Every structure is written in structure tokens, then in C-alpha cells.
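The residues making up each chain are set out below.
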Amino acid sequence: MSEVALERRVGMRRALIGTNILSEPLFTLYGFLAFILYKDLGASAFQITLLTMLKPVVTVLSFYWSAGLRRTKNLKFNAIWAGIWMRVPFLFCPWMDSVWFVVFAAVNYMFFYRAGMPAWLELLKRNMNASERDHIFSLSSALGYIEGVVLSLAMGGILDNNPGLWKGLFFGSAAIGLLSVSLQSKVPDEIEEKGEVLPLKELLVRPWRDSYRLIRTRPDFARFQWGFMLCGFGVMLIQPALPLFAVDTLGISYVEMASAISIAKGLGFALSSPLWARWISKVSIFKLASFVFFLVALFPVLLGMSVFGLSWFYLAYFLYGIGQGGSHLIWNMSGPIFAGQEESSRYTGVGVVLAGLRGGVGPSLGGYLTIVFGPMAVLIFSALFSAFSGISLLRSRKKVCI
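If you're wondering where the values come from, they're calculated on a predicted model, not measured in any experiment.

Lay out the environment of Ile48 with the relevant residues and their values.
Tracing the backbone shows Ile48 in helix α3 (residues 45–67). Through-space distance from the C-alpha of Ile48 to that of Val99 is 9.9 Å; in sequence the pair is 51 residues apart. Those residues within four positions of Ile48 in sequence are excluded, and the remaining contacts are Ala34, Tyr38, Ala43 and Pro243.

Listed below in C-alpha cells is the structure:
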């Protein structure tokens, strides 16, 4: 291996691990947002439903940010500015008491988080070989989740005793996250290539047309995305119901919620990540994804059983953490895997925009079903969608080999 290649791999490894560690405080606190809005800012069910709907919907708009890679090719520039803008609004939290400002900051975070992902994953693909890429990605994710175990418990205890401190926590977490930008700036990147200047109409239409052609010419990739679409829809369906079910039905405190998210879900993610990284190079991505979807289907089932005891609640989040460990790796690595020698940002961009499209329907429908039938019925609907997606991918693996 040449000295230049080794330097690129070491720099990418350092940036990937460092970025995950520095980004985790804000990511962990972000998981409390719906509960902060509901318990401390008095947000209505409509505002929570709107938040859960808008977060994935704006990923459709982020598609245009990532589509710009086909004209500029400056991956590092794309990833760095997305990392900056996703955190800046939270720096103003100490001076804000508005529900709508927090909703804006949350939606903005998700927009730029998704927008910078295709560039970041393409940088990872260019600077590491496949086996090392999967291993380091899982390792960095697991380290972030272990960090989240401690942070979630600490933040949950702080918020139970001093609810108003969420403002300072968001400010500090965003400031720490901005430090990751300096690590990303040192990642090796290709020289920027200026592309053609497109008319507005073409700028708006071309990303959709290119993605449609990609889906048409790659039926294997289309089947994979369809399976993720169904499972993701099931997960989005229960988002508006979760805070109502946890607070009103179970009477969950911040510390109990933190225990579920960090200790149960976080440990499930961290412990399973090395196994998922090992299996992804040995098992068909369709078969592996189907296992993930079946685990996700168990999550709402066990949540419903938590009315008989909180042990079911923690078990649900532990198994969900295991499933999410596989889902996180498979979803992020699916672009580089399906792309092969091609640029992966197109493939990742398709996954991002489909996540936004299902998010536009899932939370609003879930909020409506929660009002009409109650949270328990929504949990059942969610389980059915995820289980069916697992079955569909098991059938798909007989038709294609990846």
C-alpha cells in the first residue's frame, strides 16, 4: 500500500470516529425533543405530529442539495457546510421559548443531516476498501451509541430535576458538534470540477428523472428500496403515538425513557454492530435486511405488552437497538454496495428521498389513527408493515444476488 493511500485511510478513519463521538451529544438530546415539547413547552398533539411529519419530508428537499454533487463534485465542501448549518439554530436555544422555533431547529437539523450524507458516504467509499469501510463504520457507530448510553442517562436525570436546562444542553451539544467540522476538513478529497449551469426547470426536474432511471435500470436496487419503504413506513406510523403512549399510558419519566433509549436500545445497537458488520460481507443484503425488519416488527409488539410491566418496555428497546444496528449499517452501506464502481451518491440520494416521501404520509396517518383508534392499534399496524417488508425481501433474494 502506498504512503498516500495509507494516509487517506488513516485520515478517513480518524474523521469518521471523531465525527461520531463529537456529534453524539446533540444526536442523543435530539431523541428527547418530542418529550421536551410535550412535557415542558406544552406542545399540542398537532405540533408533535407536524414535527414528526416534517422531519422526514424535508429530506425530499435535501435531495437537491445532494444532487448538486453531480455538478460540483466537491464532496468535502458539501459535507462540511451541511454539518455547520444543521447545528447553528440550536445555538440560539438559550434565548428562545417558542415551540415553533424548536420545531424549526429540529426540522433544519434533519434537512442538513440527510443532505450531507451522500457526500460523506462517497468520501468513505473513496478512501477505504469495502471490508475496512464496513468495520470502521460499525465501530464508530457503536462507540457513538456507547457514549449515548452515558449521555442519555445524564441528560434524562438533569431534565427530570431541572427541565429548563434543555436550552443550555442544546447550546453545548451543538457547539461540541461543530468541532467535528475541523476533522472533516482534513479528509482527502478530489479537486472540484465545475459543471454546467442548469436552467431552474432542469435543476428541479433532473434529479428526479435521474433517480427514476436508476430505479428502472436496477430492479435489484428497486426491490431493496421497496422493502425499506414498507418497514420505514411502519416505523414512521408510530412516531406520533410514542410520546402519548409513553407519557399518558405508561407514565414514563425522563430517566425511565433515557434508560430505554440508552441502556436498552443503545447496548443492543453497540453489542450487535460488530456482528452485523461481519455478516454484511458474507450474507446477501436482502436476507440480512429481512432479519432486520423482523426484529423491527417485534418492537411495537413488545411495546404494547409493556402495559403489563416496564420490563417489556426495556426488552422492546433492546431488540429494537439490535435491529437498528443492522438497519443503520445496511441503509448507509447500501449505496456503496449497489453502486459498485459507480459513484454512490446517486444511490444514497434515492434512499434519502424515499425516506422523505414515506415520512410525508406515515406520521400524519399515524397521528390520525392514534386519535381515532388509540396508540395500541397503531402499534399493531406498525408491526404488520415491518413484518410484511421482511417477507418481501426474503422472496426478493431468490431473484437477485448481491
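Resuming the write-up.
Pulling in residues and values, what's your account of the packing of helix α5 (residues 75–85) against helix α7 (residues 117–127)?
For the pair α5 and α7, the least separation of the axes is 8 Å and the interaxial angle reads 135°. Considering the angle they form, α5 stands oblique to α7. Where α5 crosses over α7, the handedness of that crossing is left-handed. Residues Leu75, Lys76, Asn78 and Ala79 of α5 form the contact with α7, whose own contacting residues are Ala119, Trp120, Glu122, Leu123 and Arg126. Residues of the contact of α5 with α7, tallied by class, amount to five nonpolar, one polar and three charged.

Report on the side chain of Ser389, specifying residues and quantitative values.
Positionally, Ser389 belongs in helix α18 (residues 375–396). Ignoring anything within four residues of it in the chain, the contact list for Ser389 reads Gly227, Leu230, Cys231 and Phe293.

Quick rundown of the packing of aromatic side chains? Include the residues and the values.
Under the criterion given, the structure shown has 21 aromatic pairs. Between Tyr109 and Tyr113, the aromatic rings sit 6.1 Å apart at their centres with planes inclined by 5°, giving stacked as the arrangement. Of this pair, Tyr109 and Tyr113 both sit in helix α6 (residues 99–115), four residues apart, roughly one helical turn. In this structure Tyr113 comes out as partly exposed when scored by relative accessible area, which is 27%. Seen in terms of ring centroids, Phe221 and Tyr347 are 5.1 Å apart; in terms of plane orientation they differ by 75°. Their pairing is edge-to-face. Taken together, the residues Phe221 in helix α12 (residues 219–237) and Tyr347 in helix α17 (residues 345–373) connect sequence positions 126 residues apart. Members of the aromatic cluster, joined through ring pairs, are Phe221, Phe224, Phe228, Phe286, Phe293, Phe338 and Tyr347.

Account for the pattern of salt bridges, naming residues and giving values.
Working definition: two side chains of opposite charge can pair if their charged atoms are close together. Tallied over the full model, the rule gives one salt bridge. Residue Arg218 pairs with Asp220 through a salt bridge whose shortest N-O separation is 3.0 Å. Each member of the pair, Arg218 as well as Asp220, is classed as buried.

Report on the layout of surface pockets, specifying residues and quantitative values.
Its volume calculated, the largest pocket comes out at about 200 Å³. Taken together, 13 residues form the lining of the largest pocket, with His135, Ser138, Leu139, Pro274 and Ala277 sitting closest to its centre. For the lining of the largest pocket, the secondary structure elements donating two or more residues are α8 (130–161) and α14 (254–279). Broken down by element, the lining of the largest pocket gets its largest block of residues, eight residues, from α8.

Summarise helix α13 (residues 241–249); cite the residues concerned and give the values.
For α13, every residue scored as buried is listed here: Ala241, Leu242, Pro243, Phe245, Ala246 and Val247. Looking one or two residues beyond α13, the residue adopting positive phi is Gly251, at roughly 65°.

Explain the nonpolar core to me, and be specific about the residues and the numbers.
Grouped together as the largest cluster of nonpolar side chains are 72 residues, with contacts concentrated most on Trp120, Leu124, Phe224, Leu303, Phe313, Tyr317 and Ile330. With twelve residues, the single largest contributor to this core is helix α16 (residues 310–339). Judged by nonpolar contacts, the second largest core, of 32 residues, contains Leu29, Val58, Ala105 and Met155.

Summarise the packing of α12 against helix α15 (residues 285–305); cite the residues concerned and give the values.
At their nearest, the axes of α12 and α15 sit 11 Å apart, and the two run at 10° to each other. Here α15 runs roughly parallel to α12, going by the angle between their axes. Here Asp220, Arg223, Phe224, Gly227, Phe228, Cys231 and Val235 of α12 lie close against α15, whose contacting residues are Ile285, Phe286, Ala289, Phe293 and Val296. Of the residues in the contact of α12 with α15, the class split is nine nonpolar, one polar and two charged.

The rules behind the values
Residues numbered from 1 in each chain as written. Predicted model: local features only at pLDDT ≥ 70, side-chain atom pairs only at ≥ 80, totals over all residues. Heavy atoms only, no water. Helix = DSSP H or I, 4+ residues; strand = E, 2+ residues; numbered from the N terminus. Contact = heavy atoms within 4.5 Å. Axes fitted to C-alpha atoms, helices over the stretch in contact; angles between N-to-C directions. Parallel < 35°, antiparallel > 145°, perpendicular 65-115°, else oblique. Left-handed = near helix turned anticlockwise from the far one by under 90°. Nonpolar A, V, L, I, M, F, W, Y, C, P; charged D, E, K, R; others polar. Phe/Tyr/Trp six-rings, centres within 6.5 Å; stacked < 30°, edge-to-face > 60°. Buried < 20%, exposed > 50% of the residue type's maximum accessible area, 1.4 Å probe, protein only. Salt bridge = Lys/Arg side-chain N within 4 Å of Asp/Glu carboxyl O. 1 Å grid on protein atoms, 1.4 Å probe; cavity = no way out; pocket = protein on both sides within 12 Å on 5 of 7 lines; lining within 4 Å. Points joined across faces, edges and corners; volume = space filled by probe spheres on them. Core = buried A, V, L, I, M, F, W, Y, C linked by side-chain atoms within 4.5 Å.

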